[in-house]
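# Survey of secondary and tertiary structure
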Amino acid sequence: MGQKKDLTGSERSKIVRYLAEGCSSLKIAKLLKRDHRTIKRFIQNSQQGRKKRVEKPRHKVTAHELRKVKRAAAKMPLATSLAIFQSCNITGVPKSTRCAILRDMAKVRKAERQPPLNKTHKLKRQDWAKKYLKTDFSKVLWTDKMRVSHDGPDGWARGWIGKGQRAPVRLRRQQGGGGVLVWAGIIKDELVGPFRVEDGVKLNSQSYCQFLEDSFFNQWYRKKSASFKKNMIFMQDNAPSHASKYSTAWLARKGIKEEKLMTWPPCSPDLNPIENLWSIIKCEIYKEGKQYTSLNSVWEAVVAAARNVDGEQIKTLTESMDGRLLSVLAKKGGYIGC
């Protein structure tokens, strides 16, 4: 009889039954054709039973220590629970207790990605805030582009799964499956667009101007009154296709020049209120981990989500500009929370 490593579940059950019938360990080994030492080891371990768990004394966290932990968590936003407690000289607290304490005062979030700000960027942001501090922002058209994919941002497909239930299966694609480039604008309480950039088109200066001609100018701007056009200020970021000499000259021929074309500070997505609109739309189209099978279905979802954004939501975003400018000045050009 060869010696095997482990007994199967059915073999363990037979051993218990044979023992109840009064069989010896040697007889059981012969019946199961297993090594006698394996059978004896199993019987001995079963008779010993499980070792009792020794309860280790736990550290009781005081109110003073809780305040220290809260301050440390604010100073170390990406640190582990162990590092936070060690910085407060609090030891002997198990991980489960540390996490439970931190969940009462914070939650796990990903670090936000933002372009770095150097001294020049901060000075330009401050100069921009001072220049437009007295501007009537209800007359500013805030524009931007957004790319949406079949599956949405990484990490959004999470949610509560009931005990005993399997997590839903998500499709996997190679190379991401492409995406749809969307352009839109907001002014006062009105949404302009969204407009879809033709698939496969790379937006250089010429194609960007042609896109504005076909969508923004022909479908929206030309319907506005002369007084509206006279007072409207056009905002766009400093993407190469926007800030090029070709695009600037083309917009000037359309009457958007000098004070009617807002200068924009570098590395400042936090100052553009339409970025918050993109967040609203993405949360809607990707809620509950939704995925799409075609680019057209993604575009239809974007249009539907944009229609559900009411004027009050847009007005709240555009009216936030005064506060954003004051925050930039208060933070000496640094990033603001928006």
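Anything mentioned here points back to the structure above.
Here's what I pulled together on the structure shown here.

What counts, and at which threshold
- Residues numbered from 1 in each chain as written.
- Predicted model: local features only at pLDDT ≥ 70, side-chain atom pairs only at ≥ 80, totals over all residues.
- Heavy atoms only, no water.
- Pairing = 2+ DSSP bridges.
- Helix = DSSP H or I, 4+ residues; strand = E, 2+ residues; numbered from the N terminus.
- Axes fitted to C-alpha atoms, helices over the stretch in contact; angles between N-to-C directions.
- Contact = heavy atoms within 4.5 Å.
- Buried < 20%, exposed > 50% of the residue type's maximum accessible area, 1.4 Å probe, protein only.
- Arc of directions from axis to C-beta.
- Polar contact = N/O pair within 3.5 Å; in protein donor to acceptor, adjacent residues only side chain to side chain.
- Expected span 1.5 Å × (residues − 1).
- Bend = angle between axes of the 7 residues up to and from the residue.
- Parallel < 35°, antiparallel > 145°, perpendicular 65-115°, else oblique.
- Left-handed = near helix turned anticlockwise from the far one by under 90°.
- Nonpolar A, V, L, I, M, F, W, Y, C, P; charged D, E, K, R; others polar.
- Phe/Tyr/Trp six-rings, centres within 6.5 Å; stacked < 30°, edge-to-face > 60°.
- Lys NZ or Arg CZ within 6 Å of the ring centre and 35° of its normal.

### Brief notes about the sheet that holds strand S4 (residues 233–235)
- Within the open sheet, the four strands sit side by side as S3-S2-S1-S4. Their pairing is mixed. The two strands at the open ends of the sheet, each matched to only one other strand, are strand S3 (190–196) and S4. The sheet shows a mean angle of 20° between the axes of neighbouring strands, taken without regard to direction.
- Sheet analysis places strand S1 (residues 140–149) next to strand S2 (residues 179–187), joined by eight bridges and oriented antiparallel. Counterpart to Trp142 in the pairing with S2 is Ile186.
- Contacting S1, S2 and S3, helix H13 (residues 295–307) crosses the sheet at an angle of about 175° to S3.

### Topic: the environment of Ile256
- Turning to its location among the elements, Ile256 is positioned in the loop between helix H11 (245–253) and helix H12 (274–285).
- Sequence-wise, Ile256 and Lys229 are 27 residues apart; in three dimensions their C-alpha atoms are separated by 8.9 Å.
- With residues up to four places along the chain from it excluded, the contact list for Ile256 reads Phe217, Met232, Phe234, Leu251 and Leu261.

### With respect to helix H14 (residues 311–318)
- Residues Ile314, Leu317 and Thr318 constitute the buried set of H14. One side of H14 holds all its buried residues, which, seen down the axis, span an arc of 95°. Away from its buried face, by an angle of more than 90 degrees, H14 presents the exposed residues Glu312 and Thr316.
- Next to the buried residues of H14 lie S1, S2, S3, H12 and helix H15 (321–330).
- Of the residues flanking the start of H14, the one acting as N-cap is Asp310, its side-chain oxygen 3.2 Å from the backbone nitrogen of Glu312.

### Brief notes about helix H8 (residues 205–219)
- Counted at 1.5 Å a residue, the expected span for H8 with its 15 residues is 21 Å, and the 20 Å between its end C-alpha atoms agrees.
- Remark: the principal bend of H8, roughly 35°, maps to Glu213.
- Along H8, the residues that are buried comprise Ser205, Ser207, Tyr208, Cys209, Phe211, Leu212, Ser215, Phe216 and Phe217.
- Measuring from the backbone nitrogen of Gln206 back to the side-chain oxygen at the start of H8 gives 3.2 Å, which picks out Asn204 as the cap.

### Quick word on the packing of H12 against H13
- Contact pair H12 / H13: the axes reach a minimum separation of 9 Å and the direction vectors enclose 120°. It follows that H12 is oblique to H13 by the angle criterion. By crossing handedness, the relation of H12 to H13 is classed as right-handed. Here Ile281, Glu284 and Ile285 of H12 lie close against H13, whose contacting residues are Ala301, Val302, Ala305 and Ala306.
- The residue makeup of the contact of H12 with H13, split by class, is six nonpolar, no polar and one charged.

### Re the environment of Ile233
- With respect to the secondary-structure elements, Ile233 resides in strand S4.
- Separated by 23 residues in sequence, Ile233 and Ile256 have C-alpha atoms that sit 7.8 Å apart.
- Ile233 has contacts with Thr135, Lys139, Val140, Leu141, Glu259, Lys260 and Met262, leaving out every residue within four places of it along the chain.

### Side note on the packing of aromatic side chains
- The tally for this structure, following the rule as stated, stands at 15 aromatic pairs.
- Here the aromatic rings of Phe137 and Trp142 are separated by 5.9 Å at their centres, their planes lie at 35°, and the arrangement is tilted. Accessibility classification places Phe137 together with Trp142 in one group, the buried group.
- One aromatic cluster is present, built from ring pairs that chain together Trp183, Phe195, Phe211, Phe216, Phe217, Trp220, Tyr221, Phe228, Phe234 and Trp250.
- The side chain of Lys229 reaches across the aromatic face of Tyr221, ending 5.2 Å from its centre.
- Just above the ring of Phe217 sits the side chain of Lys254; from NZ or CZ to the centre is 5.2 Å.

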